[in-house]
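As a plain string of letters, each chain reads:
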Amino acid sequence: MWYYLCKICHKNGENAPCGGNEGKTDMKYASNNIRNILIAGHAGSGKTTLTEALVYFSGAAERMGRVEDGTTISDFDPEEAKRKASLSASVVPVEYEGIKYNLIDAPGLFDFEAGEYEGIRAAESVLVCVSGRSGVTVGAEKAFQLARKNGKATMVFVSKCDLENANYFKILEDMKIRFGSTVCPCVVPAKLDDGTPVYINLFSQKAFKYEGGKQIQVDLPDIGHRFQGLIEAMSEAIAETDDELMEKFFGGEPFTTEEIVEGMRKGVKDGLITPVFCGSAVNQQALDMLLFNMHKLLPSPEHEACTLAEDANGEPVELHCTEAEPTAAYVFKTVADPFVGKLSYLRVVSGKVTAGEPLVNARTGEPEKIGKPLTVIGKKQVDADGIGAGDIGAVAKLVTARTGDTKKAGMLHGRCRYDRLGGLSDRGSIQRRHSDEELSCRRCRRPGFPGNGASFQSAGDPFRDPGHSSDGAGSRYVPHRLLDRYGAGKHGWNVSFRDSDRGRRNCPWNFPRRSAAEGIFLRIP
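Residues numbered from 1 in each chain as written. Predicted model: local features only at pLDDT ≥ 70, side-chain atom pairs only at ≥ 80, totals over all residues. Heavy atoms only, no water.

Trainee: Talk me through unusual backbone geometry; I want residue IDs and the actual numbers.
Mentor: Despite not being glycine, Lys160 has its phi angle at roughly 60°, a positive value. With respect to the secondary-structure elements, Lys160 resides in the loop between β5 (153-159) and α5 (168-179). Positive phi is not limited to glycine here, since Gln205 has a value of about 55°. Within the secondary structure, Gln205 sits in the loop between β8 (197-201) and β9 (206-211). Relative accessible area serves as the criterion here: at 39%, Gln205 is assigned to the partly exposed category. (Helix = DSSP H or I, 4+ residues; strand = E, 2+ residues; numbered from the N terminus. Buried < 20%, exposed > 50% of the residue type's maximum accessible area, 1.4 Å probe, protein only.)

Trainee: Mind laying out the nonpolar core, listing which residues take part and the relevant values?
Mentor: If you look at the biggest cluster of nonpolar residues, it comprises 104 residues, and the most contacted ones within it are Tyr101, Val158, Tyr168, Met175, Met264 and Met294. The dominant element in this core, judged by the number of residues it contributes, is helix α6 (residues 226-239), at seven residues. Ignoring any residue separated from it by four or fewer positions in sequence, one finds Val158 in contact with Val130, Gly132, Tyr168, Ile171, Met175, Val276, Phe277, Cys278 and Gly279. Counting eleven residues, the second largest nonpolar core, distinct from the first, contains Ala329, Val353, Ile370 and Val395. (Core = buried A, V, L, I, M, F, W, Y, C linked by side-chain atoms within 4.5 Å. Contact = heavy atoms within 4.5 Å.)

Trainee: Got a sec to walk through empty space enclosed by the protein? Specific residues and values, please.
Mentor: The rolling of a water-molecule-sized probe over the atoms marks out the regions of remaining empty space. For the structure on display, the rule yields six cavities of 30 Å³ or more. In this model, the largest cavity occupies a volume close to 70 Å³. If you trace the largest cavity, you find it lined by Pro301, Glu304, Ala305, Cys306, Thr307, Leu319, His320, Cys321, Arg347 and Val349. Broken down by class, the residue content of the lining of the largest cavity amounts to six nonpolar, two polar and two charged. Empty space within the second largest cavity amounts to approximately 50 Å³. Forming the walls of the second largest cavity are Gly41, Pro107, Gly108, Leu109, Phe110, Glu113, Glu116, Gly139 and Lys142. (1 Å grid on protein atoms, 1.4 Å probe; cavity = no way out; pocket = protein on both sides within 12 Å on 5 of 7 lines; lining within 4 Å. Points joined across faces, edges and corners; volume = space filled by probe spheres on them. Nonpolar A, V, L, I, M, F, W, Y, C, P; charged D, E, K, R; others polar.)

Trainee: Lay out the pairing of strand β15 (residues 341-350) in plain terms, naming residues and giving numbers.
Mentor: In terms of residue burial, β15 counts as a mostly covered element, since ten of its ten residues are buried. Linking strand β14 (residues 328-337) to β15, which pair antiparallel, is a turn of three residues. Sheet topology note: the β15/strand β22 (residues 392-396) ladder contains five bridges and is antiparallel. From the neighbouring strand, Leu343 faces β22, where its bridge partner is Ala396. (Pairing = 2+ DSSP bridges.)

Trainee: I'd love a proper account of the pattern of salt bridges, names of residues and values included.
Mentor: Tallying each qualifying case throughout the model produces 17 salt bridges. Measuring nitrogen to oxygen at the nearest pair gives 3.0 Å for the salt bridge that ties Arg66 to Asp69. The salt bridge partner of Lys100 is Asp391, with a shortest N-O separation of 3.1 Å. Residue Lys100 is located in strand β3 (residues 99-105), and its partner Asp391 is located in the loop between β21 (386-387) and β22; the two are separated by 291 residues in the primary sequence. Judged by its relative accessible area of 9%, Asp391 is buried. One salt-bridge network, held together by shared partners, links Arg66, Glu68 and Asp69. (Salt bridge = Lys/Arg side-chain N within 4 Å of Asp/Glu carboxyl O.)

Trainee: Account for the sheet that holds strand β7 (residues 187-191), with residues named and values stated.
Mentor: Strand order across the open sheet formed by four strands is β7-β8-β9-β10, with antiparallel pairing between neighbours. Whereas interior strands pair on both sides, the edge strands pair on one side only; in this sheet they are β7 and β10 (214-218). Across this sheet, the average inter-strand angle for adjacent strands is 35°, counted without regard to direction. The pairing of β8 with β9 spans three bridges and is classified as antiparallel. Bridge pairing in β9 links Asn201 to Lys206. Across the face of the sheet, helix α9 (residues 287-297) comes into contact with β7, β8, β9 and β10 while running at roughly 120° to β9. (Axes fitted to C-alpha atoms, helices over the stretch in contact; angles between N-to-C directions.)

Trainee: Go over helix α4 (residues 138-149), please, and point to the residues and values.
Mentor: Compared with an ideal rise of 1.5 Å per residue, which puts twelve residues at 16 Å, α4 spans 16 Å between its outermost C-alpha atoms and is within 8% of the ideal. Residues Gly139, Ala140, Ala143, Phe144, Leu146 and Ala147 constitute the buried set of α4. The arc that holds the buried residues of α4, viewed along the axis, is 160°, so those residues lie on one side. Here the buried face of α4 lies against β1 (34-41), α3 (114-120), β4 (125-131), β5, α5 and β11 (274-278). The first or second residue beyond α4 is Gly151, which carries a positive phi of 70°. (Expected span 1.5 Å × (residues − 1). Arc of directions from axis to C-beta.)

Trainee: Run through the side chain of Thr154, naming residues and quoting values.
Mentor: Tracing the backbone through its elements, the reader meets Thr154 in strand β5. Residue class for Thr154 comes out buried when judged on its relative accessible area of 1%. A polar side-chain atom of Thr154 sits 3.1 Å from a polar atom in the side chain of Arg148. A distance of 3.2 Å separates the side chain of Thr154 from the backbone oxygen of Lys152, its partner in a polar contact. Each residue touching Thr154, except ones within four places of it in the same chain, is listed here: Val126, Val128, Phe144, Ala147, Arg148, Val268, Ile273, Thr274 and Pro275. (Polar contact = N/O pair within 3.5 Å; in protein donor to acceptor, adjacent residues only side chain to side chain.)

Trainee: Describe in detail α5, supporting the description with residues and values.
Mentor: When the terminal C-alpha atoms of α5 are compared, their 15 Å separation across twelve residues agrees well with the 16 Å that a helix rising 1.5 Å per residue should span. Taken together, the buried positions of α5 are Tyr168, Phe169, Ile171, Leu172, Asp174, Met175 and Phe179. Positive backbone phi, approximately 105°, marks Gly180, located one or two places after α5.

Trainee: Explain the sheet that holds β15 to me, using residue names and the numbers behind them.
Mentor: Strand order in the open sheet formed by eight strands is β18-β17-β23-β14-β15-β22-β19-β20, with antiparallel pairing between adjacent strands. Either end of the sheet is taken by a strand with one partner, and the two such strands are β18 (367-369) and β20 (380-383). The sheet shows a mean angle of 40° between the axes of neighbouring strands, direction not considered. Pairing of strand β19 (residues 373-377) with β20, which is carried by four bridges, proceeds in the antiparallel orientation. Residue Leu374 lies in a different strand from β20, and its bridge partner there is Asp383.

Trainee: Please give an account of the packing of α6 against helix α7 (residues 243-250) that cites residues and values.
Mentor: Contact geometry of α6 with α7 gives a least axis separation of 8 Å together with a crossing angle of 145°. Every residue of α7 that contacts α6 at Glu232, Ser235, Glu236, Ile238 and Ala239 is listed here: Leu245, Met246 and Phe249. Partitioned by chemical class, the residues of the contact of α6 with α7 number five nonpolar, one polar and two charged.

Trainee: Help me get a handle on a negative patch on the surface, residues and values and all.
Mentor: Negative charge collects at one region of the surface, where Asp242, Asp243, Glu244 and Glu247 lie side by side. Here Glu244 lies in helix α7. On the accessibility criterion, Glu244 (62% relative accessible area) is exposed. (Patch = residues over 30% accessible without salt bridge, like charges linked within 9 Å, V, L, I, M, F, W, Y side chains within 5 Å. Areas by Shrake-Rupley, 256 points an atom, 1.4 Å probe, with all protein chains shown as cover. Lys, Arg positive; Asp, Glu negative; His and termini not counted. Charge placed at Lys NZ, Arg CZ, Asp CG, Glu CD.)

Right, dumping it as structure tokens:
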């Protein structure tokens, strides 16, 4: 299905009377008009629904999919639709008012947390999703800590605030305890006398209700002493970002709108402020305020710190996020698509990736010609003229590329520091614990074994060692992927696996082999 509508005639994509060219997402965007955002949090907190709601709110989709129906853009895998949960990170671009938001929807299940590690290196910001019903859970804490560890700007969105049992202020106090003093509420929910949910924008000190996703201003409801306390807390947080603002704050002078926005933006970039927004993704409430502030407060690739690399003489050079710099791109995710083949997701650090351009793999030193660049929209791949600096895209059939590699222009020498940092050097890294799609290309030489999202540790060569084993996450997911997507069961021998809840089991499916003398034993703890 073509999800994106033409922005001129609002008809379905390629069938639009005007050709649908304005509806495609291959428009040229300067790096300062791009926001790469990882959406992370606990399972069931509303990440996928929020992604779907933002796509629909931007006017890019003719209808809003539902996780319960398995019709969302980001959860396109049959196993995800069946289990009603994200199992791998997916990229969904959203265009709104001249800004391109590359949303990376990461899984919330801990078995598939490798998706967060993949997406964190491609993003400048992390949007932590917290359920207004469940509160601050372990997954939200881990996402916040991951963002802080990697020096990413962080924003929090409290979803499901229109539900009866949602308690925003209790969640806010809990966030201050778990996330620290940087938490700063910017939008708070309230209710009118008839029970209609409204949202108070603390920047403008105005209240709005929503009907069919449309914003309607209403009188400011009375929330007691909390309102003035929230305004003072926000003003104090902004004042701490600049000495002049601090003097103005202590002098009792009010901040101008420009000072509020600039102070908040600087505090978010430096990690001094974690702005908190709220709304309802299902009912399209307060999404306009979220998108507007994602644009104003979150850093663009252009504002990110420069990336260190080496030139041909071994001298350090700084790469800035402009197309005038030498091309350097980071492979943050590898997928084995059964139709396209090996698909490498790229985050372009500098320069521009275009078709036919020879780029050198910094790990192997081998040059490789780039195929047709693609814009990824969930499972949909759309041809693009190129992938500009700061943008995210994909290239098919890069034979030598692995997750964590740097593809660079020949004038650069060695690896970019972005590559070394992007390898996730801790024990949960992608380099040390290969993603299972990566395992398919490196070990098993068969596209798609066993499936994208989980992390694996492999020992030995599966084609030389009959006792080869691969341990990893996603124990309930991988055997189904072997059967459903990649045709396991047509040839070869039975695969044994271990389910941690049920003990040892013999899987009734077969795994395709290369010869009668070779075998693979798949063990899933």
